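The residues making up each chain are set out below.
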Amino acid sequence: MSFNNLAKILFFAFFLPGTYLSAQTITQVLDASGDGEGNILLSPQSLAVDSLGNVFVGGLGDTFFKVTANGTVSKFWARSDPGNDGSLLANFSLATDDDGNIYVAATDSNNAIRIAPNGSYTELLNEDGDNTGDNFFTYAASVAVTADGTVFVTGLLSHNVYSIATDGSITRVLDFSGDGTGDNFFLNARIVAIDTAGNAYVTGQGTHNAFKVASDGTITELINESGDGSGNLLNTPTGIAVDVLGNVYVAGAFSNNVFKISTDSVITQIIDGSGDGEGNALLTPIDITVDAKSNVYVAGLDSVNAFRITSAGAITQIIGSNGDGDNGLVSPQRIRVDSWDNVYVLGTFSSNLLKIGQSAASYDAGVLSIPVLAVGNPYYQLDLIISNEAPIEFQVEAATVIPNPNLVSTATFAGDTLTIPQLVFGDLRYRLDLKLTSENPITLQLTVAQEL
């Protein structure tokens, strides 16, 4: 179909009630072959996404790969590169900033480094901790960076958290004493998350709790092993995330659940071992993330899957052990979401990265297929065919080539204008706004509604 034919696409005044969202498709974007040029990816354990949609993955041997938003894979940095031999050993956590730097927490070398876009690196923290001779740092488990460049790093076996200011000064902000009350201790610092105000949130894996370290240094225990206080316990918390509203989410690896701690300190269990309640269980959730709409994503290490929990509480399994259908998923240890709600799941033992993203509308021989989310939870692929015989004229109000399929919104119909986020014509994708020029009602017959 040529672009000129767009002016006569047949479409509708028919729509389902409820919320319309693009359906999702699963794609493997990185596998064991790495960049395809001899730099292989083995047993990846670290994952980060930057504000431009670039994804960074660290594999065995401390080789890091970059996957751009359009899917281009390249080696970003490696310990084996000249001059990098003493840099780090066993990357375990990654973070990024808006200047293109990546930050690495390395467990076996007990340190954290910053890697600049040109490949040069700077050690930010090592086993000497704050260099006082008393506060050491062991087994770097997690790293996060604030908007102003302050870096937070957790020491799993030294039971502490350090902040590194932009001038390089190092401060221990949390240690075994926890909140200092003598009751709420802190053991096995696991994952750290930060909010837009520069506050840090960290899980105590060994003490089954989580703390907030405010930007002014105030320490508060947010949740402990009692969980929500209604019988839903928290055991071995690992993953932690905070949304734009300040709500905090904590995953209990051995209690097989996720809790939400609201800004007014109300604790609610939002998912448990039953998963979606439809036979897809959640087992050993060790990593979580949250998007701009406060939807939570959690990876189940032993259930070999991942779920989305919407802000309204709807739970959906978004990927299982079959991965994209051709490439399986084994041991999902990291999950991240980008600014366009594409979700990335890292398979450590399958040595791959799978992307759960938006699929495109298609048009062929009078049938328009649009992925939508109908009322409730299930996704449906709708195939709609015109049922009257006279051509229905649409005028192309706007047509924009989409160079990056991630940069799309959802299909909408308002007034007499239909917006289609992605319509594929050959190798090109268009975002279309179509204006109805006929005054008569349009009838479409639903030929297929396939749950995805």
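Predicted, not measured: the structure shown is a model, and the values here were computed from it.

## Some points on a nonpolar patch on the surface
Now for step 1: A surface patch of nonpolar side chains, about 280 Å² in accessible area, is lined by Ile-40, Leu-42 and Leu-60.
Now for step 2: A residue is classified by how much of its surface remains accessible, and Leu-60, at 59% relative accessible area, is exposed.

## Things to note about the pairing of strand S12 (residues 160–164)
Now for step 1: Within S12, 5 of the 5 residues are buried, leaving the element largely enclosed by the surrounding structure.
Now for step 2: Here S12 shows no split at all, with Asn-160, Tyr-162 and Ile-164 on one side and Val-161 and Ser-163 on the other all buried.
Now for step 3: Summarising the sheet, strand S11 (residues 151–155) and S12 pair through 5 bridges and their orientation is antiparallel. Across the sheet, residue Val-153 finds its bridge partner in S12, namely Tyr-162.
Now for step 4: Connecting S11 to the next strand, S12, in antiparallel fashion are 4 residues, including His-159 with a positive phi near 55°.
Now for step 5: Pairing of S12 with strand S13 (residues 170–174) involves 4 bridges; the strand directions are antiparallel. Note that in S13 the partner of Ile-164 across the bridge is Ile-170.

## What to know about the sheet that holds strand S19 (residues 248–252)
Now for step 1: One open sheet holds the 4 strands; their spatial order is S18-S19-S20-S21, and the pairing between them is antiparallel. If you trace the sheet from one side to the other, it starts and ends with strand S18 (237–242) and strand S21 (267–271), each paired once. Averaged over all neighbouring strand pairs, the angle between strand axes comes to 25°, with direction disregarded.
Now for step 2: Of the pairings in the sheet, the one linking strand S20 (residues 257–261) to S21 comprises 4 bridges and is antiparallel in character. Bridge pairing in S21 links Val-258 to Ile-271.

## Let's talk about the sheet that holds strand S17 (residues 219–223)
Now for step 1: What the 4 strands build is an open sheet, ordered S14-S15-S16-S17; its pairing is antiparallel. Pairing within the sheet leaves two strands with one partner each, and these edge strands are strand S14 (189–194) and S17. Pairwise comparison of adjacent strand axes, ignoring direction, gives a mean angle of 25° for this sheet.
Now for step 2: Alignment of S14 against strand S15 (residues 200–204), held across 4 bridges, turns out to be antiparallel. Counterpart to Ala-189 in the pairing with S15 is Gly-204.

## Some details on the environment of Leu-282
Now for step 1: One can find Leu-282 in the loop between S21 and strand S22 (285–290).
Now for step 2: For the pair Leu-282 and Asn-257, spaced 25 residues apart in sequence, the C-alpha to C-alpha distance is 7.6 Å.
Now for step 3: The residues touching Leu-282, leaving out its near neighbours within four places in the chain, are Asn-256, Ile-271, Asp-272, Gly-273, Ser-274, Gly-275, Val-298, Ala-299, Gly-300, Ser-303 and Phe-307.

## Remarks on the pattern of salt bridges
Now for step 1: Summed over all chains, the structure comprises 5 salt bridges.
Now for step 2: For Lys-75, the salt bridge is made with Asp-81, and the minimal N-O distance between the two is 2.8 Å.
Now for step 3: For Asp-341, the salt bridge is made with Lys-293, and the minimal N-O distance between the two is 2.5 Å. Of this pair, Asp-341 sits in the loop between strand S26 (332–337) and strand S27 (343–347) while Lys-293 sits in the loop between S22 and strand S23 (296–300), and the two are 48 residues apart along the sequence.

## A closer look at the pairing of strand S24 (residues 305–309)
Now for step 1: Judged by how many residues are buried, S24 sits mostly within the fold: 5 of 5 residues are covered.
Now for step 2: Where burial is concerned, the two faces of S24 agree: the one with Asn-305, Phe-307 and Ile-309 and the one with Ala-306 and Arg-308 are both buried.
Now for step 3: Direction of pairing for S23 relative to S24: antiparallel, over a ladder of 5 bridges. Bridge pairing links Ala-299 to Ala-306 in S24.
Now for step 4: Here S23 hands over to S24 after 4 residues, with Val-304 in that stretch at a positive phi of 50°.
Now for step 5: As defined by bridge partners, S24 adjoins strand S25 (residues 315–319) across 4 bridges and the pair is classed as antiparallel.

## Side note on the packing of aromatic side chains
Now for step 1: Scanning the entire structure with this criterion turns up 7 aromatic pairs.
Now for step 2: Between Phe-56 and Phe-76, the ring centres sit 5.1 Å apart and the planes meet at 80°, which makes this aromatic pair edge-to-face. Of this pair, Phe-56 sits in strand S3 (residues 55–59) while Phe-76 sits in strand S5 (residues 73–78), and the two are 20 residues apart along the sequence. With respect to burial, Phe-56 and Phe-76 carry one shared label: buried.
Now for step 3: Geometrically, the ring pair formed by Phe-92 and Tyr-139 is edge-to-face, given 6.4 Å between the ring centres and 65° between the ring planes. Note that Phe-92 is positioned in strand S6 (residues 91–96) and Tyr-139 in the loop between strand S9 (121–125) and strand S10 (140–145), a separation of 47 residues in sequence.
Now for step 4: Note on Tyr-139: relative accessible area 27%, which makes it partly exposed.
Now for step 5: Ring pairing ties together the aromatic residues Phe-64, Trp-77 and Tyr-121, which thus form one cluster.

## Things to note about the side chain of Ser-93
Now for step 1: Counting through the fold element by element, Ser-93 comes out in strand S6.
Now for step 2: In this structure Ser-93 comes out as buried when scored by relative accessible area, which is 7%.
Now for step 3: Apart from the residues within four sequence positions on either side, Ser-93 is in contact with Ser-46, Tyr-103, Val-104, Ala-105, Ala-141, Ser-142 and Val-143.

## Digging into unusual backbone geometry
Now for step 1: With phi around 60°, Asn-188 is a residue other than glycine that occupies positive phi space.
Now for step 2: By the secondary structure assignment, Asn-188 is in the loop between S13 and S14.
Now for step 3: Residue classification places Asn-188 among the buried positions, given a relative accessible area of 17%.
Now for step 4: Phi angles above zero are rare outside glycine, and Thr-284 is one such case at about 55°.
Now for step 5: If you trace the backbone, Thr-284 turns up in the loop between S21 and S22.

## Notes on the environment of Gly-61
Now for step 1: Its location among the elements puts Gly-61 in the loop between S3 and strand S4 (63–67).
Now for step 2: A residue is classified by how much of its surface remains accessible, and Gly-61, at 34% relative accessible area, is partly exposed.
Now for step 3: Sequence separation of Gly-61 and Ala-90 is 29 residues, and the distance between their C-alpha atoms is 7.2 Å.

The rules behind each value
Residues numbered from 1 in each chain as written. Predicted model: local features only at pLDDT ≥ 70, side-chain atom pairs only at ≥ 80, totals over all residues. Heavy atoms only, no water. Patch = residues over 30% accessible without salt bridge, like charges linked within 9 Å, V, L, I, M, F, W, Y side chains within 5 Å. Areas by Shrake-Rupley, 256 points an atom, 1.4 Å probe, with all protein chains shown as cover. Salt bridge = Lys/Arg side-chain N within 4 Å of Asp/Glu carboxyl O. Buried < 20%, exposed > 50% of the residue type's maximum accessible area, 1.4 Å probe, protein only. Helix = DSSP H or I, 4+ residues; strand = E, 2+ residues; numbered from the N terminus. Pairing = 2+ DSSP bridges. Axes fitted to C-alpha atoms, helices over the stretch in contact; angles between N-to-C directions. Contact = heavy atoms within 4.5 Å. Phe/Tyr/Trp six-rings, centres within 6.5 Å; stacked < 30°, edge-to-face > 60°.

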